Amino acid sequence: MFRRHSVNYAIVSLAMDLIMALAALLLALVVRPNWPWAIPLPREGLIPPFFWWMVPATWLLVGLALGIYDPSRTTTYRQQFAHVTRASLLCGLVLAGLVYLTYRQTSRWLLVIIVASLWALMVGWRLVAMTIQKRSRHNGEVARVIIVGAGVLGREVASRLQDHAWRGLELAGYLDDDPSKASDEVRILGSLDQITEIVKTHQINEVVVTLPLRAWERLSQAVASLHTLPVHVRIVPDYFSLALHKADFEEFAGVPMIDLRAPALSDYQRLIKRCFDLAVASIGFAVTLPLYGAVALAIKLDSPGPVLFRQQRVGENGRLFDMLKFRSMRVGAEEQLPPAGNETREDLTVFKRPDDPRITRVGKILRRTSLDELPQLINVLKGEMSLVGPRPELPWLVEKYELWQRKRFTVPQGMTGWWQINGRSDRPMYHNTQDDLYYVQNYSLLLDLRILLLTIPKVLRGEGAY
């Protein structure tokens, strides 16, 4: 059913997009002649003839390239909106390039109106169609599902199935050799040995296997027994205990594999984040450049030694790099005392303390105003850090991390982050790690902007900076 549904969805979507692309041209033909922010133009000859095939063709090619016709990637309103917005932006850039190379006399406002209309119409019909589909409850088509394995993973899959019930997924129950797992929410239909009989009796369409790795020997026998039945068998790998953040299915050297260290950020998110970092860091470096000279002079006059302090830190995915700071301690301070930390009642390390005797007079000012962090803009420009993200840690501390704490390294490490605006150095370490994981799981460009804006008053007040 789902393969047939996917083909039908793609055909209907292609047809609707062709209609909406032509509608966008007609709308632009009506709006542009009387557009209040540009010179009025006559309707005759406003749209070149080749636009009537170039615009729909460009949209369809961009849409196919970005996968907006794949129903497995567009199951929520948010996904639909994100995919169409991305396709509209790329389509607009392609159309602008084609117009520049072919028909430069085309009104620039006409092109803007066409792209804006494309976006509005494409988003609009998809959201309406999804709303109708959800309310109609999959038009009576139902795919009955059983889950093999009633453990934590199986119940998580069941929860996801309930979220997508509008697509026609109906959970019939579980198969498990341990009947004690049964409850009001967990209906166990039988054991794994009865899988063939249960599939026939309950008219099952989909079998989802969520067994742990130790049970996969029996799994091969169960799957073999289903080959004569018209049922799909899907396996959810038990990789959760191994994956640091999430896992992606991909081909590697032509072989299908599961990447247990898949990046927390998508390629699109990473591109936007990097462009944002480069733009803001370049402006910040240019604006603060006069401060570099003044701070360097103050450090030299206060104590002997280099202006910059380089310290090896752990970056994204465990890569080591030299993080830059203005020197705020006397030369050799790291050898004079053990790491400036102390153990709290929770046996958690707090790195900084306000009474550290190794800090110079200028260093106290630099730390209080966070000016010692300015050279990290160079790390950002080099791509070793980001403006926003978990703070890079010292290698010796990372060696003591538990597995759940290492998830903070699945994104670029930053100059400021979620925990910096929630207490900075005044908080126990375990709170910092929890804040970092919150950032990883809820990343967005808007969250980055929010953190940057909230960092400014924290720095000006000097909260937690020492």
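Cut-off values and rules
- Residues numbered from 1 in each chain as written.
- Predicted model: local features only at pLDDT ≥ 70, side-chain atom pairs only at ≥ 80, totals over all residues.
- Heavy atoms only, no water.
- Core = buried A, V, L, I, M, F, W, Y, C linked by side-chain atoms within 4.5 Å.
- Buried < 20%, exposed > 50% of the residue type's maximum accessible area, 1.4 Å probe, protein only.
- Helix = DSSP H or I, 4+ residues; strand = E, 2+ residues; numbered from the N terminus.
- Contact = heavy atoms within 4.5 Å.
- Phe/Tyr/Trp six-rings, centres within 6.5 Å; stacked < 30°, edge-to-face > 60°.
- Lys NZ or Arg CZ within 6 Å of the ring centre and 35° of its normal.
- Expected span 1.5 Å × (residues − 1).
- Polar contact = N/O pair within 3.5 Å; in protein donor to acceptor, adjacent residues only side chain to side chain.
- Pairing = 2+ DSSP bridges.
- Axes fitted to C-alpha atoms, helices over the stretch in contact; angles between N-to-C directions.

Asker: What is the right way to look at the nonpolar core in this model?
Answerer: For soluble globular proteins, the rule of thumb is that nonpolar side chains tend to be buried together. With 30 residues, the main nonpolar core has Phe51, Val55, Trp59, Leu95, Ile114, Leu118 and Met122 as its most contacted residues. Among the elements that make up this core, the one with the highest residue count is helix H4 (residues 108-136) (nine residues). Once residues within four sequence positions are removed from consideration, Phe51 is found in contact with Leu25, Pro56, Val99, Thr106 and Ile114. Residues Tyr292, Met385, Ile421 and Ile451 belong to the second largest nonpolar core, which totals 29 residues.

Asker: I would appreciate a short explanation of the packing of aromatic side chains in the present structure.
Answerer: The geometry of an aromatic ring pair is captured by the separation of the ring centres together with the interplanar angle, meaning the angle of the planes. Applying the stated criterion across every chain yields a total of seven aromatic pairs. Relative to Tyr292, the ring of Phe285 has its centre 5.4 Å away and its plane inclined at 70°; by these criteria the two rings are edge-to-face. Three or more aromatic residues link up through ring pairs in this structure, and these residues are Phe285, Tyr292 and Phe326. One Lys or Arg, Arg408, reaches over the ring of Phe409 and ends 5.2 Å from the middle of that ring.

Asker: Please explain helix H14 (residues 445-461) as it appears in this structure.
Answerer: Note: α-helices contain 3.6 residues per turn, so residues at a spacing of three or four share the same orientation. Between its first and last C-alpha, H14 extends 25 Å over 17 residues, near the 24 Å set by a 1.5 Å rise per residue. Among all positions in H14, only Leu447, Asp448, Ile451, Thr455 and Lys458 are buried.

Asker: In this structure, what is going on with the side chain of Arg391? I would like to understand it.
Answerer: You can see Arg391 is positioned in the loop between strand E12 (386-388) and helix H12 (395-398). On the basis of relative accessible area, Arg391 is assigned to the buried category, the value being 10%. Here the side chain of Arg391 touches Gly414 through a polar contact of 3.3 Å, landing on its backbone oxygen.

Asker: What should I look at first to understand the sheet that holds strand E1 (residues 143-148) in this one?
Answerer: In spatial order, the strands read E3-E2-E1-E4-E5; together these five strands make up an open sheet with parallel pairing. Two strands in the sheet have a free side with no partner beyond their single neighbour: strand E3 (188-190) and strand E5 (232-235). Between one strand axis and the next, the sheet turns through 35° on average, direction left out of account. As paired strands, strand E4 (residues 206-209) and E5 are joined by four bridges and run parallel to one another.

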